[in-house]
Amino acid sequence: MTVTSNNLKDNAKLFGDIFTEAIKLELANYDHKTILMDLKKKFEPGKLTPLLTGQVSIKAAVNQYLTGNGLQDTIEDKTGIYKHREWRGPVDTLYDYVKWLELWGILGKWLLKHPVTNVSALLRYRWMAAYLTTPSFFDHNVPGFRGTMLRAGRMNLNTIAKLLTANMEDIFSADLNINPENENAKKYICIDAYMPKLITAGFSEHQGILAHLVPHYLPSIINHHLPEHYLDVTESYGVPADVCGLPSMESGVAIEDDFPKIGCCYISTNMPCDGSIMSSSILDRRFQLPTYVLNTPMRHTREDTQEYAIEELKECIKFMEKHTGETYDYNLLREACERWNEQNALRLEKWEMNATDTPPHYGASNWMYRIFTYQDACGSQVAIKNDRKVNKVMRKSLGKLRKYPQQTRHRAVVWNTVANMYSALDEWLLNCWGIEAVFEFIEHQGHRPIDTATVDSMLAGVAKVIQEATMRVHSKGGYNAYTDDLWLLVEQYDCDMIVMFDQISCKGPAAITGLLEEEARRRGIKMVWLKQDLVDARTISRRDMRDQINKYMEAVMNETPLDPTLRDFDDGESW
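Here goes a summary of the coordinates provided. Small disclaimer: the values here were computed from a predicted structure and weren't measured.

About the cut-offs
- Residues numbered from 1 in each chain as written.
- Predicted model: local features only at pLDDT ≥ 70, side-chain atom pairs only at ≥ 80, totals over all residues.
- Heavy atoms only, no water.
- Axes fitted to C-alpha atoms, helices over the stretch in contact; angles between N-to-C directions.
- Helix = DSSP H or I, 4+ residues; strand = E, 2+ residues; numbered from the N terminus.
- Parallel < 35°, antiparallel > 145°, perpendicular 65-115°, else oblique.
- Contact = heavy atoms within 4.5 Å.
- Nonpolar A, V, L, I, M, F, W, Y, C, P; charged D, E, K, R; others polar.
- Core = buried A, V, L, I, M, F, W, Y, C linked by side-chain atoms within 4.5 Å.
- Buried < 20%, exposed > 50% of the residue type's maximum accessible area, 1.4 Å probe, protein only.
- Salt bridge = Lys/Arg side-chain N within 4 Å of Asp/Glu carboxyl O.
- Patch = residues over 30% accessible without salt bridge, like charges linked within 9 Å, V, L, I, M, F, W, Y side chains within 5 Å.
- Areas by Shrake-Rupley, 256 points an atom, 1.4 Å probe, with all protein chains shown as cover.
- Lys, Arg positive; Asp, Glu negative; His and termini not counted.
- Charge placed at Lys NZ, Arg CZ, Asp CG, Glu CD.
- Polar contact = N/O pair within 3.5 Å; in protein donor to acceptor, adjacent residues only side chain to side chain.
- Pairing = 2+ DSSP bridges.

## Notes on the packing of helix 9 (residues 213–222) against helix 15 (residues 364–375)
Interhelical geometry of helix 9 versus helix 15 gives an angle of 170° and a closest axis separation of 13 Å. Relative to helix 15, helix 9 is oriented roughly antiparallel. Contact residues: helix 9 offers Leu 213, Tyr 217, Leu 218 and Ile 221, while helix 15 offers Trp 367, Met 368, Ile 371 and Phe 372. Looking at side-chain class alone, the contact of helix 9 with helix 15 contains 8 nonpolar, no polar and no charged residues.

Here is the structure:
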């Protein structure tokens, strides 16, 4: 009998069915002879013949059942649900499974600690349903990973889960929407999501909360269909449809009254863009909290604007002191800044390791962790502990043969705002086309150490951390802030390709398209433009994004996919 890929695939499915049925019978304490007889009754003898006679080896059938012809064969069409746990070899499969169980432990501990409050939050807020899919979401951000990539990725993702559940515990315990007679509500200072909460570290009795992170930003990454409802709400309210999706979704959450009701005051900001400024006015009306707009210099790269930035920060601290009734403690701020400096040094070490010939860890589990820890967990001991562990694992891998990826073709910088609705794009680029996305635009926030010698030097450092926050560091400061860092990173990471996001509702970068193309041509760098709409998959779907890359790689680069199963597939109904 000639074994074709089709009948091998059929036999692999058959093997899976036989294996499952055999386990059921084994668990029911049937003896082996009875098990075999029952299997022969259940399955047609003719179909069993290739397996039982060795015409198709059990090993080949098992292999096909576990891995298929590629990564996409282990995933259901449309929904993107895994048919079974991904097989990565015995050691890595076991490690992945242990970390998966650890994640369930983190989520279970959080749920059972305050079950009534958490269930109330699930019933009260539409976006809470997105978090139910977290284990599956994490799986989709480490596809095919083995060795160091797997370990660093899983450690980062589980640390996000620890920090996030702690955040949720704080928020829901103080939420007046869940418990109207709540004494904890005034213990929190609400902060705009694009501003690191390091600014609130000087209070011992009050804590900063990124007001948008849990109800808005993270759900838009976890479930790529969830933003659609809130975008429609905002447009129905009269806001133009061409506003950037993030502030538009944020406004929809506010209009729907889907933000937790907490805080003694709110710190807003003029960053990162005009759309965010528009949404701030809507949020201010909905929050009904005393609000301070912390204005940060547009030309943040110029030293003559820093005095203004420091004065703004001082005024903001006075505002917080007034509404908390607590005096700001600069010794506490100094301790937090020193922790942030260690965290920052560990991040710089990661960047250096990823600039080597065999970068140990990059992709969604890297840039998501960077955003979360820069904005929310800056100076967090939990994050620092994880960073030390991850860096140790990465350090050990340097100079050694990588288990994954085994084959690559290109090194790329991925530039401009990342598509929230397709967090695992970097992983697809690597597994399908062998493109290593060694550096992401979104992770290149401020990375200067803070001078803790004096109060003024500390405030100058914190002001810089705020000015160089996520997205804003390159969207403001003049076009050089956007272009110069790109070419510097292309050189530092020895890249031969740029994947340039064309975020269709972001107007600023469109003005310098010609400058970027001319410089890429001069340097001999391949640049692929990738249209996306940030959080709205209805405009440009994930499949549409992949198709743009496919056409470029085939027509321009004259290449074929490393994994043909990933070239084209339908994940339109997935989370």
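The discussion continues.
## Thoughts on the environment of Leu 534
Among the secondary structure elements, Leu 534 is positioned in the loop between strand 8 (526–532) and helix 22 (542–555). For the pair Leu 534 and Asp 502, spaced 32 residues apart in the sequence, the C-alpha separation amounts to 9.6 Å. In contact with Leu 534, other than residues within four places in its own chain, are Cys 244, Gly 245, Leu 246, Thr 417, Val 418, Ala 419, Asn 420, Met 421 and Gln 503.

## Some points on the nonpolar core
With 133 residues, the main nonpolar core has Trp 127 and Trp 428 as its most contacted residues. Considering every element that reaches this core, the biggest residue donor is helix 8 (residues 147–174), with 11 residues. Discounting chain neighbours no more than four positions away, the residues touching Trp 127 are Phe 172, Val 214, Pro 215, Pro 219, Leu 226, Tyr 230, Val 253, Asp 258 and Pro 260. If you look at the next biggest cluster of nonpolar residues, it comprises 20 residues, including Val 438, Tyr 482, Trp 487 and Ala 520.

## Looking at the pattern of salt bridges
Counted according to the given criterion, the structure contains 36 salt bridges. Arg 567 is the partner of Glu 554 in a salt bridge, and the nearest nitrogen-oxygen pair spans 2.7 Å. Of the two residues, Glu 554 sits in helix 22 while Arg 567 sits in the segment after helix 22, which places them 13 residues apart along the sequence. Residue Glu 554 is classed as partly exposed on the basis of its relative accessible area, which comes to 29%. Linked by salt bridges that have partners in common, Arg 85, Glu 86, Arg 88, Asp 96, Asp 139 and Arg 154 make up one network.

## A closer look at a positive patch on the surface
Positive charge collects at one region of the surface, where Lys 109, Lys 162, Lys 385 and Lys 389 lie side by side. Topologically, Lys 385 is positioned in helix 16 (residues 381–397). Lys 385 sits in the exposed class, given a relative accessible area of 51%.

## A closer look at the side chain of Arg 151
Note on placement: Arg 151 falls in helix 8. Of the residues examined, Arg 151 reaches a relative accessible area of 19% and is grouped as buried. Polar side-chain contacts of Arg 151 include one of 2.7 Å to the side chain of Asp 92. Excluding anything up to four places from it in sequence, Arg 151 contacts Val 91, Asp 92, Tyr 95 and Val 393.

## Section: the packing of helix 8 against helix 16
Axis angle and axis distance: for two packed helices, these are the angle between their axes and the distance between the axes, and together they describe the pair. Interaxial distance between helix 8 and helix 16 falls to 10 Å at its minimum, and their mutual angle equals 175°. Classified by the angle their axes make, helix 8 and helix 16 are roughly antiparallel. Taking contact as the criterion, the partners of Thr 148, Arg 151, Ala 152, Met 155, Asn 156, Thr 159 and Leu 163 in helix 8 are, on helix 16, Val 382, Ala 383, Asn 386, Lys 389, Val 390, Val 393, Met 394 and Ser 397.

## Some words on the sheet that holds strand 6 (residues 435–440)
Strand order in the open sheet formed by 4 strands is 6-5-7-8, and the pairing between neighbours is parallel. A strand with exactly one partner marks an edge of an open sheet, and here the two such strands are strand 6 and strand 8. Between one strand axis and the next, the sheet turns through 30° on average, direction left out of account. Of the strands in this sheet, strand 5 (410–415), strand 6, strand 7 (497–503) and strand 8 touch helix 17 (residues 425–433), which is tilted by about 155° from strand 6.

## Concerning the environment of Phe 172
Structurally, the position occupied by Phe 172 is in helix 8. As for Phe 172 and Asn 184, which are separated by 12 residues in sequence, their C-alpha atoms are 9.7 Å apart. Setting aside residues no more than four positions away along its own chain, Phe 172 makes contact with Trp 110, Thr 117, Asn 118, Ala 121, Tyr 125, Trp 127, Met 128 and Ile 178.

## Brief notes about unusual backbone geometry
In this structure, the amide linkage connecting Tyr 404 to the following residue, Pro 405, adopts the cis form with an omega of -5°. Turning to its location among the elements, Pro 405 is positioned in the loop between helix 16 and strand 5. In this model, Asp 257 sits at a positive phi of 60°, which is unusual for a non-glycine residue. Considering the arrangement of structural elements, one finds Asp 257 in the loop between helix 11 (245–255) and strand 3 (265–269). With relative accessibility at 41%, the residue Asp 257 sits in the partly exposed group. Despite not being glycine, Asn 416 has its phi angle at roughly 80°, a positive value. Tracing the backbone shows Asn 416 in the loop between strand 5 and helix 17. Under the relative-accessibility criterion, Asn 416 is labelled buried at 4%.

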